[in-house]
Amino acid sequence: MGRKWSGPRVVLAGLALMVGGSWHDARGVEPAGDVAHGRALYGLCATCHGAEGAGDASRGAPPLAGLEPWYVEAQLQKFRKGWRGYHPDDVRGLQMRPMAAALASDQDIRDVVAFVATLPRTAQPKTLEGDAARGQPLFAPCAACHGPAGEGNRALNAPALAGQADWYLARQVQSFQHGLRGTHPEDVTGAQMRAMAATVSGDQALADLAVYIAALAR
């Protein structure tokens, strides 16, 4: 494939493939986030993810713009709790943990999430030498949770995948395959993803799958 992943198989942190759960007050109502406060807090995130949340492959920072708010919130909580960035070889995840810890409260997280939700999605370029036609049948196991069009399913704690950066999709699957994600004892959905990631065999198949998913319309 066109892009080599060299060195120890360190794959990215950021936000991809899932632990669920949302955060509610005593009445069962999800509190609103403060966009203005979230914009100020996002300054720390912008260093890697960009001012518009478009991501930066050179930093291993995925696009955030266009992600579902519930998913962004769940992933920030995972980093803050140490469920992501748990493996000692997950360099990017370990870098994300103090970033998430800088959000001192659940309300801070909700505020950042509210701001990220205002950022416009940007189209991601194809970066992998994959074949979407070959990737389509490989997507069948993923579709059971993430939907036939990669639209996601909150009830199954499955985020939307369609339109995500191909390099990030591929590296996250590798991360699950090599135990850099989904190994924390509390990360139940991460453990489920490890089993699904194991269905993809070889770098070329992974590139084909990632290119197919990235080309799906959101």
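Residues numbered from 1 in each chain as written. Predicted model: local features only at pLDDT ≥ 70, side-chain atom pairs only at ≥ 80, totals over all residues. Heavy atoms only, no water.

## Points about the overall build of the protein
Each helix and strand counted, the protein has 10 helices and zero strands in total. Seen in sequence order, the protein has helices and strands lined up from the N terminus as α-α-α-α-α-α-α-α-α-α. Looking at the protein as a whole, 46% of its 218 residues qualify as buried. Counting contacts in the protein only where the partners sit at least 6 residues apart, residues at least 24 apart contribute 75% of the total. For the protein, the exposed surface amounts to about 9,700 Å²; the carbon and sulfur share of it is 57%. (Helix = DSSP H or I, 4+ residues; strand = E, 2+ residues; numbered from the N terminus. Buried < 20%, exposed > 50% of the residue type's maximum accessible area, 1.4 Å probe, protein only. Contact = heavy atoms within 4.5 Å. Areas by Shrake-Rupley, 256 points an atom, 1.4 Å probe, with all protein chains shown as cover.)

## Considering helix H4 (residues 91-101)
Among the residues making up H4, those that are buried are Gly93, Met96 and Ala100. Down the axis, H4 shows its buried residues gathered within 60 degrees of arc, on one side only. On its buried side, H4 packs onto helix H2 (43-49) and helix H3 (69-81). (Arc of directions from axis to C-beta.)

## Section: empty space enclosed by the protein
On inspection of all chains with the given rule, the structure shows two cavities of 30 Å³ or more. Put simply, the second largest cavity is a space of about 60 Å³. In the lining of the second largest cavity, the residues fall into four nonpolar, four polar and two charged. (1 Å grid on protein atoms, 1.4 Å probe; cavity = no way out; pocket = protein on both sides within 12 Å on 5 of 7 lines; lining within 4 Å. Points joined across faces, edges and corners; volume = space filled by probe spheres on them. Nonpolar A, V, L, I, M, F, W, Y, C, P; charged D, E, K, R; others polar.)

## Remarks on the state of the cysteines
Overall, the coordinates contain zero disulfides when judged by the stated rule. Take Cys48: it sits in no disulfide, and the sulfur closest to it among the cysteines is that of Cys45, at 9.2 Å. Cys142 carries a free sulfur, and the closest cysteine sulfur to it, the one in Cys145, is 9.2 Å from it. Residue Cys142 is classed as buried on the basis of its relative accessible area of 18%. (Disulfide = S-S within 2.5 Å.)

So, to be careful, I would describe these as geometric facts and stop short of saying anything about function.
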